[in-house]
Amino acid sequence: MSTPKLRAELDGIPTYKPGRPPAQADEGRPAFKLSSNENPYPPLPGVLEAAIAAAGAFNRYPDLACVALTEALAERFGVPAEHIATGTGSVGVAQQLLQITAGPGDEVIYAWRSFEAYPIVTRISGATPVQVPLDADERHDLDAMAAAITDRTRLIFVCNPNNPTGTVVRRAALERFLDRVPADVLVVLDEAYCEFISDPEVPDGVGLYRDRPNVAVLRTFSKAYGLAGLRVGFAIAHEPVAAALRKTAVPFGVSQLAQDAAIASLKAEPALLERVAALVTERTRVVDALAGQGWTVPESHANFVWLRLGERTADFAAATERAGVTVRPFPNEGVRITVGETEANDLLLGVTEQFRKEL
Ligand SMILES: Cc1ncc(COP(=O)(O)O)c(C=O)c1O
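The rules we used
- All residue numbers refer to position in the chain's written sequence, counted from 1.
- Totals for whole chains, interfaces and linings use every residue, but because this is a predicted model, local features are given only for residues with pLDDT of at least 70 and side-chain atom pairs only at 80 or more, for both listing and counting.
- Working from all heavy atoms in the structure, the side-chain values ignore hydrogens and water.
- To form a nonpolar core, buried Ala, Val, Leu, Ile, Met, Phe, Trp, Tyr and Cys residues must be joined to one another through side-chain atoms within 4.5 Å.
- Using a 1.4 Å probe on the protein chains alone, a residue whose accessible area is under 20% of its type maximum counts as buried, one over 50% counts as exposed, and one in between counts as partly exposed.
- Numbering goes from the N terminus for both helices and strands, where a helix is a DSSP run of H or I of at least four residues and a strand is a run of E of at least two.
- The contact rule is simple, with two residues in contact once any of their heavy atoms fall within 4.5 Å.
- Should DSSP find at least two bridges between two strands, the strands are taken to pair.
- Consider the strands pointing away from the viewer: the crossover is right-handed when the path from the first strand over the helix to the second runs clockwise.
- Every definition here rests on a 1 Å grid over the protein atoms only: cavities are sets of points where a 1.4 Å probe fits but cannot get out, pockets are open sets enclosed by protein on both sides within 12 Å along at least five of seven lines, and lining residues have some atom within 4 Å of a point.
- Grid points are joined across faces, edges and corners, and a volume is the space filled by probe spheres set on the points.
- Gly falls in the polar group here, along with every residue not listed as nonpolar (Ala, Val, Leu, Ile, Met, Phe, Trp, Tyr, Cys, Pro) or charged (Asp, Glu, Lys, Arg).
- The convention used is that axes are lines fitted to C-alpha atoms, helices contributing only their stretch in contact, and that angles between N-to-C directions extend from 0 to 180 degrees.
- It suffices for a single heavy atom of a residue to lie within 4 Å of a molecule or strand for the residue to be listed as near it.
- The term polar contact refers here to a pair of N or O atoms within 3.5 Å; inside protein, the definition further demands a hydrogen-donor-capable atom paired with an acceptor-capable atom, and it admits residues adjacent in sequence only when both atoms are side-chain atoms.
- Method for areas: the Shrake-Rupley scheme with a 1.4 Å probe, in which residue coverage is limited to the protein chains shown.
- Put simply, a patch holds well-exposed residues, over 30% relative accessible area, that have no salt bridge, with like charges counted together within 9 Å and Val, Leu, Ile, Met, Phe, Trp or Tyr side chains within 5 Å.
- The salt bridge criterion pairs a side-chain nitrogen of Lys or Arg with a carboxyl oxygen of Asp or Glu, the two atoms within 4 Å.
- Classification of ring pairs uses Phe, Tyr and Trp, with its six-membered ring standing for Trp, and accepts pairs whose centres are within 6.5 Å; under 30 degrees between planes counts as stacked, over 60 as edge-to-face, and the remaining range as tilted.
- The rule for a charge over a ring is simple: NZ of Lys or CZ of Arg within 6 Å of the ring centre, and within 35 degrees of the ring normal.
- UniProt positions are given in the numbering used here, feature names are shortened, and annotations may be inferred rather than shown by experiment.

Description of the nonpolar core
In terms of nonpolar packing, the biggest core is built from 60 residues, with Leu69, Ile156, Phe177, Phe221 and Ile236 touching the most fellow members. Ranked by residue count, the leading element in this core is helix H9 (residues 256-267), at 6 residues. If near-sequence neighbours (up to four positions away) are discounted, Ile236 is found in contact with Phe77, Val79, His83, Ile84, Val206, Tyr209, Val215, Ala216 and Val217. Leu97, Ala127, Leu186 and Leu218 belong to the second-largest nonpolar core, a separate cluster that totals 24 residues.

Okay, structure coming up:
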């Protein structure tokens, strides 16, 4: 029996793997999810109230153009409202970035390993992924990425900090790289975790995009702001990039709950900064403890840490699971561990200590 003809490009595209839910809690033992780089805190002050108020009207469509949120973002970042495009999480905006730039025959460059959605959205568009290995220190190899540019390159992702390694590219290196990229190739600075950066040498993409029409900045409310479940992200880019993104947005894709919660989150910036500072302190504690146990940990600038475990990856993930902590294994490469609640981090450090002794 024949079946509907589907696009050949879809064959073999890996499906997006979400972080596993927490291990089953048994005998009253707590279980923690450190597998999705989520924020362990409840909504910021005022956010739940805004979402509840919006929920009372969900028989209505949301504001299609996200006008109030766009204005709030424009004011927060000091950019024209026309430079903002919202979407269903930054992964939704990433998919739109592919839609507006690339198709069959085109190439998309990104570091590897990096955010696992890049190969997926690239291949859905029909374009060819060009994966440039991270350097020996788990960082983007910007020289190799520049060397990989051809006349078919349409888009380059720079994930800063990089998921899953937590490493960053600093200002001088990034500017040198941007100067080497042809003006007709779009560079997307994916800054999903930028709020956790405390190194002043790591540039804010919003400063870099201003005089570079081929640079777009991708941001999300899912991580530091703690709205992962509401699905709202955005890009800041010059026209015509931002305008093209608005054209390709799924109509009504950002719910009114998400829009209003995002606006309320922006208003709660002081509380946000406190929470980010607490998570960064906790990250330092975890990294120092791991180093003390003898682990080599790349310097993380995000809310997660990376352990390159190679073939021991699956064993390690099973060991953390037994202790009630779910991490994110990348088979035969390593594990990414979100910095979570203190109790979860302590459980994790207990496993790493034991595992290290048995290596
Ligand atoms: C680097 C990076 N970019 C973008 C995203 C997408 O986040 P969201 O779609 O929730 O905004 C993630 C999520 O894990 C990420 O790690």
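Remarks on the pairing of strand E4 (residues 128-133)
With 6 bridges joining them, strand E3 (residues 107-112) and E4 adopt parallel strand pairing. Residue pairing for E4: Tyr110 is matched across the bridge by Gln131. Viewed along the sheet, the connection from E3 through helix H4 (residues 117-125) into E4 turns out right-handed.

So, the environment of Ala65
Along the polypeptide, Ala65 turns up in the loop between helix H1 (47-55) and helix H2 (67-77). For Ala65, a relative accessible area of 47% corresponds to the partly exposed category. Here the alpha-carbon distance between Ala65 and Phe234, two residues 169 residues apart in the chain, equals 12 Å.

Notes on empty space enclosed by the protein
As enumerated under the stated definition, the model contains 1 cavity of 30 Å³ or more in all. Here the largest cavity defines a volume of roughly 30 Å³. Looking at the largest cavity, the residues that line it are Asn39, Tyr41, Pro42, Pro43, Leu44, Ala224, Tyr225, Gly226 and Arg275. Grouping the constituent residues of the lining of the largest cavity by class yields 6 nonpolar, 2 polar and 1 charged.

Regarding the sheet that holds strand E5 (residues 153-159)
One open sheet accounts for 7 strands, arranged E2-E8-E7-E6-E5-E3-E4; its pairing is mixed. Strands with a single pairing partner mark the edges of an open sheet, and in this sheet they are strand E2 (84-87) and E4. On average, each strand axis in the sheet is tilted by 20° relative to the strand beside it, whichever way the strands run. Bridge analysis of strand E7 (residues 215-220) against strand E8 (residues 233-237) gives 5 bridges, and the strand direction is antiparallel. In the strand pairing of E8, Arg219 is matched with Phe234. Sheet strands touched by H4: E3, E4, E5 and strand E6 (186-190). Its angle to E3, the strand with the most contacts, is close to 170°. The strands touched by helix H8 (residues 241-248) are E2, E6 and E8; relative to E2, the strand with the most contacts, the crossing angle is about 25°.

Overview of the site of the ligand
In the vicinity of the ligand there are 13 residues, among which Ser90, Tyr193, Thr220, Ser222 and Arg231 approach most closely. For the ligand, an oxygen atom lies 2.6 Å from a polar atom in the backbone of Ser90. One nitrogen or oxygen atom from the side chain of Tyr193 is found 2.7 Å from an oxygen atom belonging to the ligand. For the ligand, whose unbound accessible area comes to 390 Å², protein coverage reaches 93%. Take the shell around the ligand: its biggest share by element is 3 residues, from helix H3 (residues 89-101). By residue class, the composition of the shell around the ligand is 5 nonpolar, 5 polar and 3 charged.

Observations concerning a nonpolar patch on the surface
A cluster of nonpolar side chains, contributed by Tyr61, Leu64 and Phe252, occupies part of the molecular surface with about 370 Å² of accessible area. Tracing the backbone shows Phe252 in the loop between H8 and H9. Looking at Phe252, the relative accessible area reads 35%, which means it is partly exposed.

So, the packing of aromatic side chains
On inspection of all chains with the given rule, the structure shows 12 aromatic pairs. The ring centre of Phe304 lies 6.0 Å from the NZ or CZ of Arg336, which sits over that ring.

Observations regarding the UniProt feature "modified residue: N6-(pyridoxal phosphate)lysine" (unreviewed entry) in the chain
According to UniProt, the feature "modified residue: N6-(pyridoxal phosphate)lysine" (unreviewed entry) maps to Lys223 in the numbering used here. Relative to the helices and strands, Lys223 is located in the loop between E7 and E8. For Lys223, the residues in contact, after removing those within four places along its chain, are Ser36, Asn37, Asn39, Ala192, Tyr193 and Phe196. A distance of 3.4 Å separates the side chain of Lys223 from the side chain of Tyr193, its partner in a polar contact.

So, the pairing of E5
Counted residue by residue, E5 has 6 buried out of 7 residues, so it is predominantly covered. Summarising the sheet, E3 and E5 pair through 3 bridges and their orientation is parallel. Note on E5: the bridge partner recorded for Val108 is Leu155. Of the strand pairs in this sheet, E5 and E6 are connected by 5 bridges, and their pairing is parallel. Residue pairing across strands places Ile156 opposite Val187, the latter belonging to E6. Crossover handedness for the path E5 to helix H6 (residues 171-180) to E6: right-handed.

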